[in-house]
Amino acid sequence: MSSPTRQILARHRPSGHTGRGDRYLAELAQDLRRLLAQKQRTFAHDSCRLPEADLNELAALLVELGEDLHNDIGLWRALESFNRSCFGQALPLTTRAAGPAAGSVFDRDRTQHFLWGLWSSFKPDLLVSPTHTDLRALAEAASSFLAERFPRLPQDSGVGHFLGSPNRYGWDVKRKLVWLGTHSYLFRLLYPAYVAEHGAQATVATTDDFICQACTCWSGLGAIDILAGALDLPDADRATLRGWYERHAAFFRVLSRQDQGGQTETIEVRNLINDQSYTVRMDMPDCPFRSGGVIFGSLVPWRGEWYWSGEQRQWPDLSPAAEADVRKRMLQESSAITYRYCPERAELARKSIARHYARFQAYYGNDLVVFPDGLSAAAAEQKKMTQEWEAAPPEVVAQFMKASGLTRPCPAMHFPKGFLDCDQGVGCFFNPDEGEEFMQEFDPVLSGFKKRGVGLTPVELERIRQFMESPAISPAFVQRLVRDHGAESVGVTYAIKDFQAETDLSFLLRRHKGHFYRRRYPTLALVSDAG
């Protein structure tokens with residue numbers, strides 16, 4: 001019977017590609033697993049020790065990291081390259097040095113940064129310092145092992161051959177992206193956690209969302225970013241791949257097909273939302289998409305053509321009235337998606353947010369307001385909106401009511417019960433680029449920041465961590481508090497020694513809020529002209 005580490009490695013190799021060094025990896029992983037088990041018995045803290053199954057996984061992951069470094073496959077190199085360009089450091093928080101010295105491939109700090117990045121996948125409820133003594137001891141043992149054993153292996157890897165294969169068509173790249181996001185040592189622990197959080201099933205749609213959209217603990221980068229940095233591509237192709245998070249999701253009508261020799265080479269489709277045409281590469285026999293039919297799906301570009309990304313669903317032919325209704329509903333209900341390919345509407349929405357921001361500032365006298373509880377926040381927001389409706393020209397109100405299907409002006413605002421029941425303060429910040437953001441239980445966040453890292457209570461530490469890691473709270477909101485009260489309490493929250501606000505805070509914000517650093521679109525829906 002094969003060992004658990006051998007099974008793990010075999011399960012995650014890219015099919016159809018082998019290298020002369022592959023046959024040695026399982027033995028290395030087994031030996032490393034025994035070393036890790038011995039080393040963790042000396043840990044100062046029992047909480048950092050891993051059970052047997054996790055040790056098997058960790059050994060396999062470390063060996064795959066070693067394979068990447070030994071063969072210069074480029075995955076870890078892509079991460080360090082980004083870190084240097086963004087933070088001036090290859091391994092933020094782990095070391096203050098610019099990066100490992102030349103020739104020190106299996107550097108201890110590099111291994112420790114990898115372990116720290118992984119640790120929340122093994123111990124989600126345990127926050128460990130990036131310089132934790134137990135992680136440092138484990139990194140020392142693992143890096144010494146990799147440095148001793150890998151130089152004996154041939155520099156020939158199946159993963160390297162797979163990623164080095166041609167990238168002529170979009171599906172060539174997509175095949176690598178799917179493997180990277182679901183099987184590689186960087187992402188395969190993150191992928192099931194994402195699936196569990198977004199539906200609990202590894203569907204085609206969920207997988208496509210993860211590999212194209214998810215920003216991860218690796219400096220906020222996603223699979224598309226790492227792959228773009230690792231592949232041998234022209235700069236234009238790298239930029240295209242990094243932009244695949246902006247998939248064009250819409251209803252498309254098939255205008256024509258290009259068939260040759262019993263195979264459909266391309267189809268021409270029209271986006272029913274913005275009337276844009278796309279040439280979609282198919283290269284498939286028995287293509288199910290017929291001229292005149294309607295498809296709901298997502299498209300991504302590659303070298304002048306478009307490719308389906310994720311699932312596609314065929315719809316019955318839509319009448320002109322049904323097409324207009326679909327367009328109206330999608331513009332209203334999926335505005336953040338449609339703004340990707342409706343730039344004029346996105347600009348209108350941004351101008352609308354700017355007007356809302358000015359009114360917020362005029363009403364409250366500030367861009368950040370703290371309410372004592374949820375009921376007070378809801379009442380203040382309702383009163384502000386009522387005054388705005390009363391001040392608006394009657395014809396504008398009438399147009400808005402008609403477009404929104406309202407029966408009376410200034411409808412009641414609806415807040416979740418948990419928001420209304422909050423009695424520990426509510427922070428309301430108007431981000432001029434995003435709109436209003438609310439943070440419940442804001443009092444301990446604010447009091448914790450005001451202490452500037454001295455004498456924080458467990459509740460304050462926990463609330464600051466929630467504030468930092470909430471996907472709904474923008475970096476601008478965090479920076480707003482830092483501007484008034486400093487960032488020292490953030491460093492204490494994450495147990496970072498010698499915390500340096502400029503670089504360390506920037507890294508933490510990228511790590512936990514990476515989606516805010518991609519191109520953003522207003523969440524505000526335009527309804528007055530959606531028909």
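Higher on the page you've got the structure.
Predicted model, so just to flag it, every value in this text is computed and none were measured.

Asker: Is there a simple way to think about empty space enclosed by the protein in this case?
Answerer: Here the idea is plain: a probe the size of a water molecule rolls over the atoms and shows the empty space left. Inspection of the entire model under this criterion finds three cavities of 30 Å³ or more. What the largest cavity holds in volume is close to 70 Å³. In this structure, the largest cavity is lined by Arg 13, Glu 64, Glu 67, Asp 68, Ile 73, Leu 75, Val 159, Trp 179, Ser 184 and Tyr 185. No other element matches helix H3 (residues 52-71), which puts three residues into the lining of the largest cavity. Residues belonging to the lining of the largest cavity are distributed by class as follows: five nonpolar, one polar and four charged.

Asker: Just checking my understanding: could you explain the pairing of strand S8 (residues 426-431) for this structure?
Answerer: If a strand is regular, its side chains alternate between the two faces of the sheet. In terms of residue burial, S8 counts as a mostly covered element, since six of its six residues are buried. Side chains of S8 alternate between two faces, with Val 426, Cys 428 and Phe 430 and Gly 427, Phe 429 and Asn 431 buried alike. In this sheet, S8 lies alongside strand S7 (residues 368-371) in antiparallel orientation, the contact comprising four bridges. Residue Val 370 lies in a different strand from S8, and its bridge partner there is Gly 427. Alignment of S8 against strand S9 (residues 435-440), held across six bridges, turns out to be antiparallel. Each residue of the ladder has a partner; that of Asn 431, found in S9, is Gly 435.

Asker: Got a minute to help me understand the packing of aromatic side chains in this structure?
Answerer: Each aromatic ring pair is specified by the distance between its two centres and by the angle formed by the two planes. In the structure shown here, the tally under the stated rule is 35 aromatic pairs. Ring centres 6.1 Å apart and planes at 75° place the aromatic pair Trp 244 and Trp 302 in the edge-to-face group. Remark: Trp 302 occurs in strand S4 (residues 294-302) and Trp 244 occurs in the loop between helix H12 (235-242) and strand S1 (248-260); sequence separation between them is 58 residues. For Trp 244, a relative accessible area of 1% corresponds to the buried category. Accessibility expressed as a relative area gives 1% for Trp 302, which makes it buried. Taken together, the ring pairs connect Tyr 357, Phe 360, Tyr 363, Tyr 364, Phe 371 and Phe 430 into an aromatic cluster. A cation over a ring is seen here: Arg 511 above Trp 116, with NZ or CZ 4.3 Å from the ring centre.

Cut-off values and rules
- Residues numbered from 1 in each chain as written.
- Predicted model: local features only at pLDDT ≥ 70, side-chain atom pairs only at ≥ 80, totals over all residues.
- Heavy atoms only, no water.
- 1 Å grid on protein atoms, 1.4 Å probe; cavity = no way out; pocket = protein on both sides within 12 Å on 5 of 7 lines; lining within 4 Å.
- Points joined across faces, edges and corners; volume = space filled by probe spheres on them.
- Helix = DSSP H or I, 4+ residues; strand = E, 2+ residues; numbered from the N terminus.
- Nonpolar A, V, L, I, M, F, W, Y, C, P; charged D, E, K, R; others polar.
- Buried < 20%, exposed > 50% of the residue type's maximum accessible area, 1.4 Å probe, protein only.
- Pairing = 2+ DSSP bridges.
- Phe/Tyr/Trp six-rings, centres within 6.5 Å; stacked < 30°, edge-to-face > 60°.
- Lys NZ or Arg CZ within 6 Å of the ring centre and 35° of its normal.

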